[in-house]
Amino acid sequence: MKNALKASVAALAIIGAFATTGAFAQSRDTIQIAGSSTVLPFASIVAEEFSAANPEFKTPVVGSGGTGGGLRQFCEGVGTSTIDIANASRRIRAGEIETCNKNGVKDIREVQIGYDGIVFAVSIGKEDFKLEPVHVYKAIAAQLFIDGKWVANPNKSWKDVDASLPDQPIALAIPASNHGTREVFEERVIAAGFKASNPPADAPKEAQSAFRQDVVIEIAGDYTETLARLQSNPNTVGVFGLSFYDQNRDTLKVATVSGVEPTLETIAAGRYPVSRPLFFYVKGEHIGVVPGIAEYVAFFLSPDIAGVGGRLESAGLIPAPADETAKFLAAFNEGKSLSAADVK
């Protein structure tokens, strides 16, 4: 009896382990994707064209939720209730990989799809903005160092920040912390602007990170919500991805940053200062179980889709060099998985 009981327990343990790995997903035949609102339009295009070119596979379901939200879903575990792919407008963090690993997601494959720029845009009828990172910092920082002390930010208009800027009340719609765009905004714009403001060596940490609540609007939704803010308050300056701006040129006017206009050419050449790579992350445990994942990745990175002159370039993606894309595809096909050490 004891041996039989031990055998039964062992069998149940094997079945339980098996249920959390490959066999789980035989009940699902559609790829599930969530994450970055910047990557969303590109992934949506690819999903439609992938199923049209490969009718044996169902059209992948692509949702938003922001980079942070998508990676949280991705790292929840392995199984039919978890997504297969997380779109990201920044690289996955070590802490996120550790959470994934803790929940059984240990085969995390990184795919870079190209580049995008973060732009500042106003309603098309507004004056031109020629911004520097220090202008943005001085517009929205909660406190500024003036006459030898930290004081509440006194600036009311952009002209108060710098005489070269429009006499327009300060209102800035920025991505909330669930968006990868927010991290790039803080690193490439706010951190650079803080440094350019010549703060004292003993400046408190919050001098860089604390924003004014009276002029900053944090957008947790996608760029359509930011656009709605500009429409409801024409004095708002919005932070967008270049691709979204390109799709709304009839209603938006883009600002230059450090004298450079954001375009496909200036970002590809590395001249525009606020640009970033775009990614998606694939759950390796789902490959070969949920149909079509490997084929979707190969289709996404194909020259006709992600390459120069490809379908996504016409939608606003800045293509990565062909050899760079080839390296990511090769690493994916070889089963190379990211560890926390790889991104620290």
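The following paragraphs examine the structure supplied in this document. Keep in mind it's a predicted model, so treat the numbers as computed, not measured. (Residues numbered from 1 in each chain as written. Predicted model: local features only at pLDDT ≥ 70, side-chain atom pairs only at ≥ 80, totals over all residues. Heavy atoms only, no water.)

Digging into the overall build of the chain
- The secondary structure content of the chain amounts to 16 helices and 13 strands.
- Across its three principal axes, the chain shows a C-alpha extent of roughly 85 × 50 × 35 Å.
- Taken across its 344 residues, the chain has 51% of its residues classed as buried.
- In the chain, the share of contacts with a sequence separation of at least 24, taken over all contacts with a separation of at least 6, comes to 75%.
- A total accessible area of about 15500 Å² is found for the chain, and carbon and sulfur atoms account for 53% of it.
- If you average the places of the 32 positive and of the 39 negative side-chain charges in the chain, the two averages end up 6 Å apart. (Helix = DSSP H or I, 4+ residues; strand = E, 2+ residues; numbered from the N terminus. Buried < 20%, exposed > 50% of the residue type's maximum accessible area, 1.4 Å probe, protein only. Contact = heavy atoms within 4.5 Å. Areas by Shrake-Rupley, 256 points an atom, 1.4 Å probe, with all protein chains shown as cover. Lys, Arg positive; Asp, Glu negative; His and termini not counted. Charge placed at Lys NZ, Arg CZ, Asp CG, Glu CD.)

Structural notes on helix H3 (residues 66–74)
- Of all the nine residues making up H3, seven are buried; the element is thus mostly covered by neighbouring parts of the structure.
- Listed as buried for H3 are Gly66, Thr67, Gly68, Gly69, Gly70, Leu71 and Phe74.

Examining the side chain of threonine 226
- In this structure, threonine 226 sits in helix H9 (residues 223–232).
- Here threonine 226 falls in the buried class, since its relative accessible area comes to 3%.

Some words on the packing of aromatic side chains
- On inspection of all chains with the given rule, the structure shows 15 aromatic pairs.
- An angle of 10° between the planes, with centres 5.7 Å apart, marks the rings of phenylalanine 50 and phenylalanine 57 as stacked. Both residues of the pair, phenylalanine 50 and phenylalanine 57, belong to the buried class.
- For the ring pair tyrosine 137 and phenylalanine 194, a centre distance of 5.5 Å and an interplane angle of 75° mean the geometry is edge-to-face. A residue pair is termed long-range when its members are at least 10 positions apart, and tyrosine 137 in helix H5 (residues 133–140) and phenylalanine 194 in helix H7 (residues 180–196) qualify at 57 residues. Each member of the pair, tyrosine 137 as well as phenylalanine 194, carries the same accessibility label: buried. (Phe/Tyr/Trp six-rings, centres within 6.5 Å; stacked < 30°, edge-to-face > 60°.)

Details of the pairing of strand S10 (residues 237–241)
- In terms of burial, S10 is a largely internal element, five of the five residues being buried.
- The side-chain alternation of S10 yields two buried faces, one formed by Val237, Val239 and Gly241 and the other by Gly238 and Phe240.
- In this structure, strand S4 (residues 108–123) lies alongside S10, joined through four bridges in antiparallel fashion. Each residue of the ladder has a partner; that of valine 119, found in S10, is phenylalanine 240.
- In this structure, strand S8 (residues 172–175) lies alongside S10, joined through two bridges in parallel fashion. Opposite alanine 173, over in S10, you have glycine 238 as the bridge partner. (Pairing = 2+ DSSP bridges.)

As for H5
- The element H5 is largely enclosed, with a buried count of seven among its eight residues.
- Three or more residues of H5 are buried, namely Pro133, Val134, His135, Val136, Tyr137, Ala139 and Ile140.

Digging into empty space enclosed by the protein
- For the structure shown, the criterion picks out two cavities of 30 Å³ or more.
- Estimates place the volume of the largest cavity at around 60 Å³.
- Reported here for the second largest cavity is a volume of approximately 40 Å³.
- Looking at the second largest cavity, the residues that line it are Phe120, Ala121, Val122, Phe129, Leu131, Val237, Lys253, Val254 and Ala255.
- Counting residues per element, the lining of the second largest cavity draws most heavily on S4, at three residues. (1 Å grid on protein atoms, 1.4 Å probe; cavity = no way out; pocket = protein on both sides within 12 Å on 5 of 7 lines; lining within 4 Å. Points joined across faces, edges and corners; volume = space filled by probe spheres on them.)

What to know about the environment of serine 302
- Structurally, the position occupied by serine 302 is in the loop between helix H12 (293–300) and helix H13 (303–306).
- We classify serine 302 as buried; its relative accessible area is 18%.
- For the pair serine 302 and alanine 322, spaced 20 residues apart in the sequence, the C-alpha separation amounts to 9.6 Å.
- Within the structure, the side chain of serine 302 is placed 2.7 Å from the backbone oxygen of phenylalanine 299, a separation counted as a polar contact. (Polar contact = N/O pair within 3.5 Å; in protein donor to acceptor, adjacent residues only side chain to side chain.)

Observations regarding the state of the cysteines
- Counted under the stated rule, the structure contains one disulfide.
- Paired by a disulfide, cysteine 75 and cysteine 100 hold their sulfur atoms 2.0 Å apart. Linking cysteine 75 and cysteine 100, the disulfide has an S-S dihedral of approximately -75° and is accordingly described as left-handed. With cysteine 75 in the loop between H3 and strand S3 (85–88) and cysteine 100 in helix H4 (residues 94–102), this residue pair connects regions lying 25 residues apart in the sequence.
- Given the relative accessible area of 0%, cysteine 100 is considered buried. (Disulfide = S-S within 2.5 Å.)

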